[in-house]
Amino acid sequence: MTRIIAGAAGSLVLRVPDRGTRPTSDRVRESLFGGLDASGVLDGARVLDLYAGSGALGLEAVSRGAASVDLVEKSASAAAVTDRNARTVARAVGSSAVRVHRSSADAFLQSASGPFDLVFIDPPYDLDDEALAITLALLADVTAPGAVVIVERASRSPEPRVPAQLEPLRSKRYGDTALWWYERADNGGQPPAPSQSR
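These numbers come from a predicted model, not from an experiment.

Caption draft 1: Expanded view of the overall build of the protein. Within the protein, the secondary structure is distributed over five helices and nine strands. Taken from N to C terminus, the helices and strands of the protein fall in the order β-β-α-β-α-β-α-β-α-β-α-β-β-β. The C-alpha atoms of the protein give a radius of gyration of 16 Å, which matches the 16 Å a tight globule of 198 residues would have. Reported as C-alpha extents along the three principal axes, the dimensions of the protein are approximately 55 × 35 × 35 Å. With 198 residues in all, the protein has 47% of them scored as buried. Summed over its atoms, the accessible surface of the protein is roughly 9500 Å², and 47% of this surface lies on carbon and sulfur atoms. Computing the positive centroid from 22 side-chain charges and the negative centroid from 24, the protein places the two 4 Å apart.

Now the structure itself:
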């Protein structure tokens, strides 16, 4: 059973697609959102949840104070479940800014306007590294400077290949799951100018 952990929609039960998705465990979500709460990223954030599955990550963010969330899911059956969950959470938090898009991640990113302040990327474990690198490269045009990007993969996976605009913050493993945190550089990925001594 998957629930919203905390916030305005805390304890609401979420439906989970019958197959084809891998919900993030409560333990991983608690740790992830503890870190996001502590860093002040969530308050008023515009959130993007790619490969949304049940929508648990994006909906947890809205429950905890994010201003909006776009949930992107390619599978028709999973998107239907995501949509039901989104409507349930939107009613609980009193927000109309919870949107579900039945689309592939890359197609959505190629047409999205953004900018997003927080992005969750939790693709199927069988998505290959090259496909993930393409998706990450597309984020450059839709994320705000300082945006946080969280990538969830299997612990055995290599670190994702990210564009220059995404600077590594930290990573952590939880059993067979790993999270990588990145921040969108304010300088567009260019090396910082040398400091001038005074």
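So much for the structure itself; the text now carries on.
Caption draft 2: Layout of the side chain of Thr-177. Looking at where Thr-177 falls in the secondary structure, it is placed in strand 9 (residues 177-184). Leave out the neighbours within four places in its chain, and Thr-177 touches Val-28, Tyr-125, Glu-152, Arg-153, Ser-155 and Lys-172.

Caption draft 3: Inspection of the environment of Thr-88 at higher detail. In this fold, Thr-88 is placed in helix 3 (residues 76-93). Judged by its relative accessible area of 26%, Thr-88 falls in the partly exposed class. Along the chain, Thr-88 and Leu-12 lie 76 residues apart, while their C-alpha atoms are 8.3 Å from each other.

Caption draft 4: Spatial organisation of the packing of aromatic side chains. Tallied over the entire structure, the rule returns one aromatic pair. Ring geometry for Phe-33 against Phe-120: centres 5.7 Å apart, planes inclined by 45°, an arrangement best described as tilted. Placement of Phe-33 in helix 1 (residues 26-39) and of Phe-120 in strand 6 (residues 116-121) is noted, with a sequence separation of 87 residues between them. Across the pair, exposure class does not vary: Phe-33 and Phe-120 are buried alike.

Caption draft 5: View of the pairing of strand 9. Most of strand 9 sits out of view: seven of its eight residues are buried. Where strand 7 (residues 143-154) and strand 9 come together, seven bridges link them in antiparallel fashion. The partner of Val-148 across the bridge, within strand 9, is Glu-183. Relative to strand 9, strand 8 (residues 166-174) is paired through eight bridges, and the arrangement is antiparallel. Each bridged residue has a counterpart across the sheet, and for Pro-168 the counterpart in strand 9 is Tyr-182. Where strand 8 folds back onto strand 9 in an antiparallel hairpin, the turn is made up of two residues, including Gly-175, whose phi is positive at roughly 60°.

Caption draft 6: Molecular detail of the nonpolar core. Core analysis: the biggest nonpolar cluster contains 31 residues, and Leu-32, Leu-36, Leu-59, Leu-118 and Phe-120 have the highest contact counts within it. The set of elements that each furnish at least two residues to this core consists of helix 1, helix 2 (56-63), strand 4 (68-73), helix 3, strand 6, strand 7 and strand 9. Broken down by element, this core gets its largest block of residues, five residues, from helix 2. Sequence-distant contacts of Phe-120, that is, excluding residues within four places in its chain, are made with Leu-32, Phe-33, Leu-36, Val-47, Leu-48, Asp-49, Leu-50, Leu-57, Gly-58, Ala-61 and Ile-150. One finds Leu-48, Ala-105, Phe-116 and Val-119 within the second-largest nonpolar core, a separate group that totals 20 residues.

Caption draft 7: Focus on helix 5 (residues 129-138). Every buried residue belonging to helix 5 is among Leu-132, Ala-133, Thr-135 and Leu-136, and all of these are buried. Mapping the buried residues of helix 5 onto a view down its axis gives an arc of 160°, with all of them on the same face. The secondary structure elements touched by the buried residues of helix 5 are strand 3 (46-50), helix 4 (105-111), strand 6, strand 7 and strand 8. Here helix 5 starts with a cap whose side-chain oxygen sits 3.1 Å from the backbone nitrogen of Glu-130, and that cap is Asp-128.

Calculation notes
Residues numbered from 1 in each chain as written. Predicted model: local features only at pLDDT ≥ 70, side-chain atom pairs only at ≥ 80, totals over all residues. Heavy atoms only, no water. Helix = DSSP H or I, 4+ residues; strand = E, 2+ residues; numbered from the N terminus. Rg over C-alpha atoms; globule rule 2.2 N^0.38 Å. Buried < 20%, exposed > 50% of the residue type's maximum accessible area, 1.4 Å probe, protein only. Areas by Shrake-Rupley, 256 points an atom, 1.4 Å probe, with all protein chains shown as cover. Lys, Arg positive; Asp, Glu negative; His and termini not counted. Charge placed at Lys NZ, Arg CZ, Asp CG, Glu CD. Contact = heavy atoms within 4.5 Å. Phe/Tyr/Trp six-rings, centres within 6.5 Å; stacked < 30°, edge-to-face > 60°. Pairing = 2+ DSSP bridges. Core = buried A, V, L, I, M, F, W, Y, C linked by side-chain atoms within 4.5 Å. Arc of directions from axis to C-beta. Polar contact = N/O pair within 3.5 Å; in protein donor to acceptor, adjacent residues only side chain to side chain.

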